[in-house]
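Coordinate analysis (summary)
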Amino acid sequence: MLLHTDGPPLRILFVTPECAPWIKTGGLGDVSLALPRALAALGHDVKLLMPAYGELRTPPGEGRLLVRHAAAHPWPAWQVVDAGDAVREEHGFSLLLLDCPERYYRPGNPYLDEHGRDHADNAQRFALLAHAAASLSGIPQGPQGWHPQVVHGNDWPCGLLPGYLDHYARGTGLPRPASLFTVHNLAFQGLFPLELAPELAVPQAWLQPQGAEFWGQLSFMKAGLRFADLLTAVSPTYAREIQLEPLGFGLQDLLASRAGSLQGILNGIDPAVWNPATDTLIARRYDLDTLDAGKAANKAALQRRMGLPEAPTSMLLGMVSRLTEQKGVDLVLDRLPLLLELGAQLVVLGSGDPALEQRLREAAAAHPLHVAVKIGFDEALAHQVEAGADAFLMPSRFEPCGLNQMYSQAYGTPPIVHATGGLADSVVDLEESPRTATGFSFGADDAEALGQALQRAHAAWLQPQTWRNLQRNGMRRDFSWQASARAYVHAYRTLT
Ligand code: ADP
Ligand code: GLC
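As a convention, each chain's residues are numbered from 1 in the sequence order in which they are written. Whichever chain is written first is A, and whichever ligand is written first is 1; the rest continue in order. Totals for whole chains, interfaces and linings use every residue, but because this is a predicted model, local features are given only for residues with pLDDT of at least 70 and side-chain atom pairs only at 80 or more, for both listing and counting. Just so you know, side-chain values use all the structure's heavy atoms and leave hydrogens and water out.

A pairing counts as a salt bridge when a side-chain nitrogen of Lys or Arg comes within 4 Å of a carboxyl oxygen of Asp or Glu. Tallied over the full model, the rule gives 21 salt bridges. Among the ionic pairs, Arg397 bridges to Asp330, the shortest N-O distance being 2.7 Å. Placement of Arg397 in the loop between β16 (391-394) and α15 (404-410) and of Asp330 in helix α11 (residues 329-334) is noted, with a sequence separation of 67 residues between them. Each member of the pair, Arg397 as well as Asp330, is classed as buried. Across the pair Asp378 and Lys374 runs a salt bridge whose closest N-O atoms are separated by 2.7 Å. Assessed through its relative accessible area of 14%, Asp378 is described here as buried. Among the charged side chains, a network of salt bridges with common partners joins Arg64, Asp82, Asp85 and Arg88. Only runs of H or I of at least four residues qualify as helices and only runs of E of at least two qualify as strands under DSSP, and these elements are numbered from the N terminus. Here's how the labels work: a residue is buried when its accessible area is under 20% of the maximum for its type, exposed when over 50%, partly exposed in between, all with a 1.4 Å probe on protein chains only.

Okay, here's the thing in structure tokens:
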């Protein structure tokens, strides 16, 4: 029935540097699982290509070899393996692993070494991902007759892909698949020395401002924005913000010049993973009917786990975040005196910038009854914070989409957010619309504005009826991927 309304199924190659549950550093990992899954559920033929990092190495005998390429200047030998039926049965799409031991067999974070530094060969590693994706796309040769109609790349690691598709297609006489490139975060651009161009098979013609040159460097992100047929950003507000300073990060003019081909599509959330009624990682499952008891049990469990007093009368604020300037955790630390004055408690789960990690540890040491911090990446605790906190903090300076504010609404945990990007598009403020509100948002990205929002939230939390209304509105919202996946399909169809 879905197919009927949506038109014939499309063949889609989705290319990404990370995909949960196999490897995830942030929201792109979640999106890379959920969107292909939602597209497959709409009846489309989806293959997902990602590198076979250390943990993903296919054991001999498992998986089906699709293509093997001998080393051919400038590329090392590589092959693509279809991870097999189990993935297809579970998720609906085929997982294709790009196997190249010298580039990808490294444990841990896909972008960084064990000292937290970018891998020295990231340009070569992700150029190879784009090259392999272009090769799989039938140009110059495809796997066993499968020829995608659309190739969808994500963020700078896939930035060279649209241009490669063009370049390789020229003169082959083969139809070039359409290309769509999604911006998840323009703050990371993949900037490398121009001198690497020959090693990356980047044509000379790209090495100028009208191509992919950016202040004397080669920008993978700019290449994607320049050469893709269609661009999307992960929320409508972010799609507008990146056409201006400061969130265009120097690419605003290029983006504005492509405004007609740039669309914002809000991410969804995966209800199979983020749903308080079925979540096996939380202390007690709950839904709209069991909200009060469920929240109370999860709050007490979170307080216990984090070593905070089990105080039902303290408002418990939660935060789960990469610790970078983007996420505004420093604003929360600046506002700590106010939190203490309100008698609130704060739980933070995150990792990243060592200076922010240190400030958080110090805050927890100084205020053990009110602040608890876990530095690290902990999927189960992330769910427990969503379920156990009274309110969720997301004071990001900018936020292309953001997922946690949507998770928190699904968990009856009203978010307190800076009104930017996807946060502006997904949270309804209490003052703005008392009846339909789901949380609190503030306009300026400073500690003062955050403080006012915290005070408003605390006052509302003291009024059980107001609070319950916020919780219920949030839990009733539909952030499922279906609508967003349809928007992508619509975008793909304009290209085919
Ligand atoms: P971003 O991609 O910018 O980090 P998002 O809000 O889109 O922000 O997605 C972040 C994702 O990563 C969420 O699923 C969140 O729960 C998860 N996450 C971030 N930090 C941690 C952490 N320390 N432990 C567990 N999960 C985390
Ligand atoms: C990026 C953004 C985040 C977004 C995620 C998934 O990591 O920082 O806002 O939700 O990508 O699109």
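After that view of the structure, there is still more to cover.
What follows concerns the sheet that holds strand β9 (residues 213-214). Pairing between the strands of a sheet comes from backbone hydrogen bonds, and it takes one of two forms, parallel or antiparallel. Spatially, the three strands line up as an open sheet ordered β8-β10-β9, and their pairing is antiparallel. Each edge of the open sheet is held by one strand with a lone partner, namely β8 (191-193) and β9. Here helix α7 (residues 220-227) sits on the sheet and contacts β8, β9 and β10 (217-219); the angle it forms with β10, its principal contact strand, is near 50°. Two strands make a pair as long as DSSP finds a minimum of two bridges between them. We call two residues contacting when some pair of their heavy atoms lies within 4.5 Å. In this analysis, axes come from line fits to C-alpha atoms, helices being fitted only over the stretch in contact, and the angle between any two N-to-C directions falls in the range 0 to 180 degrees.

Whether a residue is near a molecule or strand is decided by its heavy atoms; if any one of them lies within 4 Å of it, the residue is near. Of all residues adjacent to ligand 1, which total 20 residues, the nearest are Gly27, Asp30, Arg322, Lys327 and Gly376. For ligand 1, an oxygen atom lies 2.8 Å from a polar atom in the side chain of Lys327. Here the accessible surface of atoms and residues is derived via Shrake-Rupley with a 1.4 Å probe, and residues count as covered only by protein chains that are part of the display. Within the complex, the protein chains bury 93% of what would otherwise be the 560 Å² of accessible surface of ligand 1. Sort the elements by how many residues they give to the shell around ligand 1 and strand β13 (residues 316-323) lands first, with three residues. Counted by class, the shell around ligand 1 contains seven nonpolar, seven polar and six charged residues. Source of the domain bounds: an automatic or database domain assignment. Viewed by domain, the shell around ligand 1 spans two of them, domain 1 (11-268 + 481-495) and domain 2 (288-476), each represented by three or more residues. Pairing of N or O atoms within 3.5 Å defines a polar contact, subject to two protein rules: one partner must be a possible hydrogen donor and the other a possible acceptor, and residues neighboring in sequence count only if both atoms are side-chain atoms. Nonpolar residues are Ala, Val, Leu, Ile, Met, Phe, Trp, Tyr, Cys and Pro. Charged residues are Asp, Glu, Lys and Arg, and all others, Gly as well, are polar.

With that settled, consider the site of ligand 2. Around ligand 2, a shell composed of 13 residues is seen, among which His184, Asn267, Glu399, Cys401 and Gly402 lie nearest. Between ligand 2 and His184 there is a distance of 2.6 Å, counted from an oxygen atom to a side-chain nitrogen or oxygen. Note that an oxygen atom of ligand 2 is positioned 2.8 Å from one of the backbone N or O atoms of Gly402. Taken by itself ligand 2 offers 310 Å² of open surface, and the protein chains cover 93% of this. It is helix α2 (residues 27-41) that contributes the most residues to the shell around ligand 2, three residues altogether. There are two domains that each give the shell around ligand 2 at least three residues, and those are domain 1 (11-268 + 481-495) and domain 2 (288-476).

Bear in mind that shape data such as this cannot, by itself, settle questions of function.
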